Amino acid sequence: MTWKDPSKYVQEIFVEESVADLPYTKEIIERAGLPVHIVPERGKPNDLDAEYVRNLTAGKRQLFLTANRGQFFKPCPGTREYQCCKYQVLGCGAGCPMDCVYCILQAYLNTPWILHFVNVEKMFDELREGLGNNPSQFFRIGTGEFTDSLALDRFTALSRKLVPFFRDCDNAVLELKTKSAVIDNLIDLDHGGRTVVAWSLNSPTIMETEEIRSATLDERLEAAAQCASLGYHLAFHFDPIIEHEGWEEGYAETIRRLYSMVPAESIAWISLGALRYIPKLKEIGIHRFPNSKIYYNEFINGLDNKSRYFRPKRVRLYQHIYGLLKERAAERTCIYFCMESEEIWREVMGFAPEEHGGLRKMLDISVQG
């Protein structure tokens, strides 16, 4: 079975009573065509959260339409101990129907259901205020921090609201990051060069064994090639890079296929980040995925209190992948590290971001021209 569209895993929808009459809620229900259950205001769909991690797989079959009573638009939760790109996050929901062994959300969230926030007028009000109050600042904004940007787009069609909005923004670009191949809603949109469609990539072995219910490498790259033909900027994220048997050839194969299917000039940026995790995630990952071996390695405690590969091992992983990318990448493409030290930058790439105006400026230029 193909998981090009992982929304096929969802079986039912729960709707918080207070948002049941919103037009957007009704649109989603009609598109999905799934059984619908109403939940009392501030209530929960069921008791799956009583044994959260144990019931996470079952919770991924349930979409919960609710309201975001907090803030939609905020800075990415980076860390000051490592180089940060000053990304901004648009919190449209939490969780997704895919199930990656290394996914930090398993340890970060405490509810099993897939949340999608339907009070989108509040989201757009926050965007208008944030962008309007800072006209001289350029924003890179993504929806893929706490959920997959496109995995549920067949139901939500949120992309059809976001892409036209950003088309008219002079000081921002939108990044839609996914492991799916769900791009139907993007095909006929006037994006104005203000949307970057991004894919997480890994070695074929990791994609097949550690990224459950995700699109295959070819499905992702075919979707990326189609988006490139429509004039979208593209991005790719090799994160987390995971050491495994045959990793050198595995990542080389992914990079060969990437550049054989996708025009190099369409790629705005590529990020690199080695496997890192908080202690709680290791416990959850071993419990939920006993056949996975990714946590059975030597790690150290990093400055951000996350377990990381020893520095020499990270450098070896990075040098191999960075070298392969630099052989094929267009000059305009910004290749960068996500959450790494200045020392790693210098050892692998030969420079520190500050020598080029800082990481934020490097990324901004890649989409501004």
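So, here's what we can say about the structure. The model shown is predicted, which means the values in this text are computed figures rather than measured ones. (Residues numbered from 1 in each chain as written. Predicted model: local features only at pLDDT ≥ 70, side-chain atom pairs only at ≥ 80, totals over all residues. Heavy atoms only, no water.)

### Examining the sheet that holds strand S1 (residues 12–16)
This is how it is decided: Think of it this way: DSSP has to see at least two bridges between two strands before they count as a pair. In this description a helix means any DSSP run of H or I spanning at least four residues, a strand means any run of E spanning at least two, and both kinds are numbered starting from the N terminus.
Strand order in this open sheet of 5 strands is S2-S1-S3-S8-S6, and the pairing throughout is mixed. Of all the strands in the sheet, just strand S2 (36–39) and strand S6 (93–94) have a single pairing partner and so form its edges. As paired strands, S6 and strand S8 (residues 114–117) are joined by 2 bridges and run antiparallel to one another. Across the sheet, Ala94 pairs through a bridge with Leu115, a residue of S8.

### Overview of the packing of helix H11 (residues 311–328) against helix H12 (residues 342–349)
Spelled out, the test is: Axes here refer to lines fitted to C-alpha atoms; in helices the fit is confined to the stretch in contact. Angles between the N-to-C directions go from 0 to 180 degrees. Angles below 35 degrees are treated as roughly parallel, those above 145 as roughly antiparallel, those between 65 and 115 as roughly perpendicular, and all remaining angles as oblique. In a left-handed crossing the near helix is turned counterclockwise from the far helix by less than a right angle, and in a right-handed crossing that turn is clockwise. We call two residues in contact whenever any of their non-hydrogen atoms come within 4.5 Å of each other. Polarity classes work like this: nonpolar for Ala, Val, Leu, Ile, Met, Phe, Trp, Tyr, Cys and Pro, charged for Asp, Glu, Lys and Arg, and polar for all others, with Gly in that last group.
Running from amino to carboxyl end, H11 crosses H12 at an angle of 45°, the nearest separation of the two axes being 9 Å. Considering the angle they form, H11 stands oblique to H12. For the pair H11 and H12, the crossing hand works out as right-handed. Residue-level contacts link Arg311, Arg314, Val315, Tyr318, Gln319 and Tyr322 of H11 to Glu343, Ile344, Glu347, Val348 and Met349 of H12. Residues belonging to the contact of H11 with H12 are distributed by class as follows: 6 nonpolar, 1 polar and 4 charged.

### Some thoughts on the sheet that holds strand S15 (residues 276–277)
As summarised here, the arrangement of the 3 strands in space is S15-S17-S16, forming an open sheet in which the pairing is antiparallel. The sheet is open, and its two borders are formed by S15 and strand S16 (299–301), each paired with just one other strand. Bridge count for S16 against strand S17 (residues 307–309) is 3 bridges, and the pairing is antiparallel. Residue pairing across strands places Phe299 opposite Tyr309, the latter belonging to S17.

### Topic: helix H8 (residues 217–229)
The periodicity of an α-helix, 3.6 residues per turn, causes residues three or four places apart in sequence to face the same way. Operational definition: Here a helix's expected span is defined as the number of its residues, less one, multiplied by 1.5 Å. The classification of residues rests on relative accessible area computed with a 1.4 Å probe and restricted to protein chains. Under 20% of the type maximum is buried, over 50% is exposed, and intermediate values are partly exposed.
With 13 residues, H8 should cover 18 Å at 1.5 Å per step; its first-to-last C-alpha distance of 18 Å lies within 8% of that length. Every buried residue of H8 is listed here: Leu217, Glu219, Arg220, Leu221, Ala223, Ala224, Cys227 and Ala228. Buried positions along H8 lie against strand S11 (195–201), helix H7 (204–210), strand S12 (211–212), strand S13 (233–241) and helix H9 (247–261). Backbone geometry just after H8 places Gly231 at a positive phi near 90°.

### Remarks on the packing of H9 against H11
Relative placement of two packed helices is described by the angle separating their axes and the distance separating the axes. One can describe the packing of H9 onto H11 by two numbers: an axis separation of 10 Å at closest approach and a directional angle of 25°. Taken together, the axes of H9 and H11 are roughly parallel relative to one another. Between H9 and H11 lies a crossing of right-handed hand. Together, Trp247, Glu248, Tyr251, Ala252, Ile255, Arg256 and Tyr259 of H9 and Arg316, Leu317, His320, Ile321, Leu324, Leu325 and Arg328 of H11 make up the contact between the two elements. By residue class, the composition of the contact of H9 with H11 is 9 nonpolar, 1 polar and 4 charged.

### Comments concerning unusual backbone geometry
The omega angle of the peptide bond from Asp239 to Pro240 is 10°, so this bond is cis rather than trans. As for its position among the elements, Pro240 is in strand S13. For Arg213, which is not a glycine, the phi torsion comes out positive at approximately 60°. With a relative accessible area of 10%, Arg213 lands in the buried category. The phi dihedral of Asn305 is positive, around 65°, even though this residue is not glycine. Mapped onto the fold, Asn305 is located in the loop between S16 and S17.

### Details of the pairing of S2
In the sheet, S1 pairs with S2 via 4 bridges, with the strands oriented parallel. Note on S2: the bridge partner recorded for Glu16 is Val39.

### As for the state of the cysteines
Linking two cysteines covalently via their sulfur atoms produces the bond known as a disulfide. The criterion, for reference: Disulfide assignment relies on a single distance test, namely cysteine sulfur atoms paired within 2.5 Å.
If you walk through the whole model with that rule in mind, you get 0 disulfides. Its sulfur unpaired, Cys227 is 18 Å from the next cysteine sulfur, which belongs to Cys92.

### Some words on the pattern of salt bridges
Just so we agree on the cut-off: Any Lys or Arg side-chain nitrogen found within 4 Å of a carboxyl oxygen on Asp or Glu counts as a salt bridge.
Enumeration according to the criterion identifies 30 salt bridges in this entry. For the salt bridge of Arg154 with Asp5, the shortest nitrogen-to-oxygen distance reads 2.8 Å. With a gap of 149 residues between them, Arg154 in helix H5 (residues 153–156) and Asp5 in the segment before S1 connect regions that are remote in the sequence. Taking the relative accessible area as the measure of exposure, Asp5 reaches 15% and is therefore buried. For the salt bridge of Arg140 with Asp364, the shortest nitrogen-to-oxygen distance reads 2.9 Å. You can see Arg140 sitting in strand S9 (residues 139–142) and its partner Asp364 sitting in helix H13 (residues 359–368), a full 224 residues away along the chain.

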